[in-house]
Structure formats: C-alpha cells, structure tokens
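Coordinates in review
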Amino acid sequence: MCKESMTKDVLLRHAKQLQQPGPEAAAEFDSAKTGLAEEVSNIMDSHPRRSDCYPDALRELMRTNHVNHFEFMSSVFQLYDPQVLTETVGWVLQTYMARGVQLEYWRVMLRESLQLFERRLRRETYGEIEPFYRWMLDHLDDFAALPKDSDFWTLHSGTPGDAHGG
C-alpha cells in the first residue's frame, strides 16, 4: 500500500477528523495548563536527551514556548478549528527549527506531555486530548518536510512566542 503524499490539504483533512474535547475536559485542561507547562519545562530541562533537542542558549525561550503551547492547546480544546491547529503547528515547527530547535524536541516534549497528562488528568480528559497530541506526533516529519517557501506559512509572522505556541 502506497503512503499518501503529505500536503497541507492532507494534514488539514487529518486534523478535521479530530473531535473537539467536551466542555468538562477542556475546562480541566485549562485549569491545569499553568502547572502542566511548568512541569513539562522541568522535565525537559533535566531530560537526558535535552541537548539533542535545543541548545542551552534557548532554555528560557523553550520554557516560554511551553506556556504558550499549553495556552494555545487550551484554546484549541475550547473552540476547535482544524485549520488554525494545522497552520499554527506548522508555523511553530518551522519557526523554532529556524532558531536551532531540533525536530527531536517535539518528539520528546509531546511524548513527555502525554505521560504527564496520563498522570495528572482524569482518564476521560486524557482520552479526549490524547488524539490531538498523537496527531502532532504522527505528523511531525510531514510538517518538517513541507516546503519552507510555501504560502502555508504566510498567515503567521513574527518570532516564536509572539502569539502562537507549538
């Protein structure tokens, strides 16, 4: 079986298959987001593969990214728009990679986040948000392979942390 060629439209089609978490799950994630961001930052700071993910000079930027990421995901869970998710994840990935953050960072951070959610959130909440993180993990290579000069990235401009989290 031939693997489907990944384009912006295919990524968006896959994102449209995700189901918005219910209000209770979205509210639980929203109330936990600050603590989750801090805990993920601490996990990443001491992770044995952290140096494979981003240089020491970007540690504070990455801590800010975690806050922005959980803030963004909270808004995604409250008012899901597949296009906003797809475009923002793509923009963040490309922007941070241009600053020296490795693709491996997202693999590690997203997996660590899932493990954290499983420990800290109700089972029902975890079940409703896990597909979003699985979607990001499953498509990291696809996002990274998209052309850098594509109009896909023109909707967002600025520097990491301005308005979007990844």
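In short, a report on the structure. Just so it is clear, the structure is predicted and the values come from calculations on it, not from any experiment.

**A few points about the pattern of salt bridges**
Counted under the stated rule, the structure contains 15 salt bridges. For E24, the salt bridge goes to R122, with nearest N and O atoms at 3.4 Å. Here E24, found in helix α2 (residues 23–46), pairs with R122, found in the loop between α5 (103–120) and α6 (123–138); they are 98 residues apart in sequence, far enough to count as distant. Residues E38 and R63 are paired through a salt bridge, measuring 2.8 Å at the closest nitrogen-oxygen approach. Here R63 lies in helix α3 (residues 59–78) and E38 lies in helix α2, a separation of 25 residues in the sequence. Because the salt bridges share partners, they merge into one network encompassing E24, E28, R122 and E124.

**Thoughts on the packing of helix α4 (residues 82–98) against α6**
The geometry of α4 relative to α6 is characterised by a closest axis approach of 12 Å and an angle of 45° between their N-to-C directions. Accordingly, the angle class assigned to the pair α4 and α6 is oblique. The crossing of α4 and α6 is right-handed. Contacts from L85, T86 and V89 in α4 reach F132, W135 and M136 in α6. Here the residues of the contact of α4 with α6 are counted per class, giving five nonpolar, one polar and no charged.

**Section: α2**
For α2, with 24 residues, the first-to-last C-alpha span of 34 Å sits near the 34 Å given by 1.5 Å per residue. Approximately 55° is the largest bend angle found in α2, and it occurs at K33. Where α2 is buried, its residues touch α3, α5 and α6.

**Considering the side chain of S41**
With respect to the helices, strands and loops of the structure, S41 is situated in helix α2. The exposure class assigned to S41 is buried, which follows from its relative accessible area of 2%. S41 has contacts with R63 and H66, leaving out every residue within four places of it along the chain.

**Points about the nonpolar core**
Residues F29, M73, L85, W106, F117 and Y133 are the most contacted members of the largest nonpolar core, which totals 50 residues. For this core, the element with the highest residue contribution is α5, accounting for nine residues. For F117, the residues in contact, after removing those within four places along its chain, are F29, L36, F70, Y126, I129 and Y133.

About the criteria used
- Residues numbered from 1 in each chain as written.
- Predicted model: local features only at pLDDT ≥ 70, side-chain atom pairs only at ≥ 80, totals over all residues.
- Heavy atoms only, no water.
- Salt bridge = Lys/Arg side-chain N within 4 Å of Asp/Glu carboxyl O.
- Helix = DSSP H or I, 4+ residues; strand = E, 2+ residues; numbered from the N terminus.
- Axes fitted to C-alpha atoms, helices over the stretch in contact; angles between N-to-C directions.
- Parallel < 35°, antiparallel > 145°, perpendicular 65-115°, else oblique.
- Left-handed = near helix turned anticlockwise from the far one by under 90°.
- Contact = heavy atoms within 4.5 Å.
- Nonpolar A, V, L, I, M, F, W, Y, C, P; charged D, E, K, R; others polar.
- Expected span 1.5 Å × (residues − 1).
- Bend = angle between axes of the 7 residues up to and from the residue.
- Buried < 20%, exposed > 50% of the residue type's maximum accessible area, 1.4 Å probe, protein only.
- Core = buried A, V, L, I, M, F, W, Y, C linked by side-chain atoms within 4.5 Å.

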